[in-house]
Amino acid sequence: MAGKHYIRTFGCQMNEYDSARIAEVLRQAGAAQAAARPEDADIIVFNTCSVREKAQEKVFADLGRVRHLKRANPALMIAVGGCVASQEGGAIVRRAPFVDVVFGPQTLHRLPELLAERRASGRPQVDVSFPEIEKFDRLPAPRADGPTAFVSIMEGCSKYCTFCVVPYTRGPEVSRSFEDVLAELAALAAQGVREITLLGQNVNAWRGVIDGAAADFAELLRYLSDLDGIERIRYTTSHPREFSQRLIDAHAGIGKLAAQVHLPVQSGSDRVLAAMKRGYTALEYRSIARRLKRARPGLSLSSDFIVGFPGETDADFEATLRLVAEVGFDDAFSFVYSPRPGTPAADFADATPPEVKSARLQALQAALGAQYRSANEAMVGSVQRVLVEGASRRHADERCGRTENNRVVNFGGAAELAGRFAQVRITAARSHSLRGELVHAPD
Ligand code: SAM
Ligand code: F3S
């Protein structure tokens, strides 16, 4: 397969990870170069997201925009992967017949075969099956792109929250073996990666066998933290239901574990949490947050929220605002509930007018925004350990890196700092980033 590929990614970090794997698979199959624009590509891949309605509709709008490119380049292949592909399957080809291949999150390694089959048969190919963990066995070794990397350690989700499509689009929870994860981390460390983010829709649901004994996510973290070269470990997204005391203790005992956890709560109302089937109460969530912050003083907590879930009352929403005020979040994503076809909540009665829902979202975002800004301002004057990722986006002579709590910092410093940890004093808080000055360059 010759030519250039263009990959457009929608949605979450799992999709970003998958897109990097898709690029690798295409590179190995011969489509080595990445095109800067869809116009220059021979294969266009949309890696899609269906978690909310807007994300889903965007895919068809974007597909419509590349359709005409086939006139100039009749050999052009258009492939749709990710969660919309998984959910819609063959319906995509019926709605957009110019699409050549539809593949799912668990069949991305088969993309070259599907493209070849499309060319040979002249018929669009659809494969959105869940062939267990075959994906990982068939993927090429990862290539590092800078000092930070994502490593997927489990796939899918078996929690079935009533609002969420992920269990249907990504299949059930399947953990990658300890040996595989370790080998991938070691390969990345050998290429200069210093910080790893372990990925999974429910990353702390990881289960495996280490040294012949059953092991959980906390145990995995202990083993991975022994690896030379990897200096900082993050993970996302974790689920409160599986946030064990052992995992909390890991935050006290493992120095390489970043003092930052993304722990989606969705709502502060027990009634809503039960209707969502989240499997915990607001009190249980508060208790995890309290124990985590006790285990690792200064730990920064971020979260996801849904407002306007079917049946959410003013009192339920007030409970969410109370939880936000009590727990304190350094960062957050918040959304208005979006009914997803095929999920139980899509059939729940929903009497709340849209304008009430958007007013709630605004109120919640105002509270979360204030916490985000005050967390930023509280960092001014402090000295932070920053992993330098490269040049800052705006000024090529400035460096850019991330703090323990995942804040972007821009500061003056030599290009040689890239890939190393530097001590940086925070001098100012901007709306989306921090400014700093170099205190100590690494040895
Ligand atoms: N397992 C992860 C979790 O529990 O957060 C990932 C789930 S989802 C990909 C990421 C976030 O999208 C969720 O935390 C939730 O806040 C939001 N989300 C999922 N389904 C949604 C829906 N139907 N409407 C609005 N937001 C939704
Ligand atoms: Fe979705 Fe709940 Fe799983 S939010 S990804 S069903 S934990």
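A. How the structure looks around the site of ligand 2. Around ligand 2 sit Cys 157, Lys 159, Tyr 160, Cys 161, Phe 163, Cys 164, Val 166, Pro 167, Gln 201, Asn 202, His 239 and Arg 278, and those are all the residues in its vicinity. Each residue belonging to the shell around ligand 2 can be placed in one class, and the counts come to seven nonpolar, three polar and two charged.

B. Structural detail: the layout of surface pockets. Counted as a void, the second largest pocket has a volume near 510 Å³. Secondary structure elements with two or more residues in the lining of the second largest pocket: strand 17 (383-391), strand 18 (398-402) and strand 19 (408-412). For the lining of the second largest pocket, the element with the highest residue contribution is strand 18, accounting for three residues. Grouping the constituent residues of the lining of the second largest pocket by class yields three nonpolar, six polar and seven charged.

C. Spatial organisation of the pattern of salt bridges. For the coordinates displayed, the defined rule picks out 32 salt bridges. Among the ionic pairs, Asp 62 bridges to Lys 58, the shortest N-O distance being 4.0 Å. Of this pair, Asp 62 and Lys 58 both sit in helix 2 (residues 53-66), four residues apart, roughly one helical turn. A relative accessible area of 5% means that Asp 62 is categorised as buried. You can call Lys 58 partly exposed: its relative accessible area is 38%.

D. Structural context of the packing of aromatic side chains. This structure, assessed with the given rule, holds ten aromatic pairs. Where Phe 163 meets Phe 309, the ring centres are 6.4 Å apart and the plane angle is 80 degrees; that geometry is what we call edge-to-face. Here Phe 163, found in the loop between strand 8 (154-155) and helix 8 (166-170), pairs with Phe 309, found in the loop between strand 15 (300-307) and helix 14 (314-327); they are 146 residues apart in sequence, far enough to count as distant. The same class applies to Phe 163 and to Phe 309, which are both buried.

Reading guide: rules and limits
Residues numbered from 1 in each chain as written. Chains lettered and ligands numbered in written order. Predicted model: local features only at pLDDT ≥ 70, side-chain atom pairs only at ≥ 80, totals over all residues. Heavy atoms only, no water. Near = heavy atom within 4 Å. Nonpolar A, V, L, I, M, F, W, Y, C, P; charged D, E, K, R; others polar. 1 Å grid on protein atoms, 1.4 Å probe; cavity = no way out; pocket = protein on both sides within 12 Å on 5 of 7 lines; lining within 4 Å. Points joined across faces, edges and corners; volume = space filled by probe spheres on them. Helix = DSSP H or I, 4+ residues; strand = E, 2+ residues; numbered from the N terminus. Salt bridge = Lys/Arg side-chain N within 4 Å of Asp/Glu carboxyl O. Buried < 20%, exposed > 50% of the residue type's maximum accessible area, 1.4 Å probe, protein only. Phe/Tyr/Trp six-rings, centres within 6.5 Å; stacked < 30°, edge-to-face > 60°.

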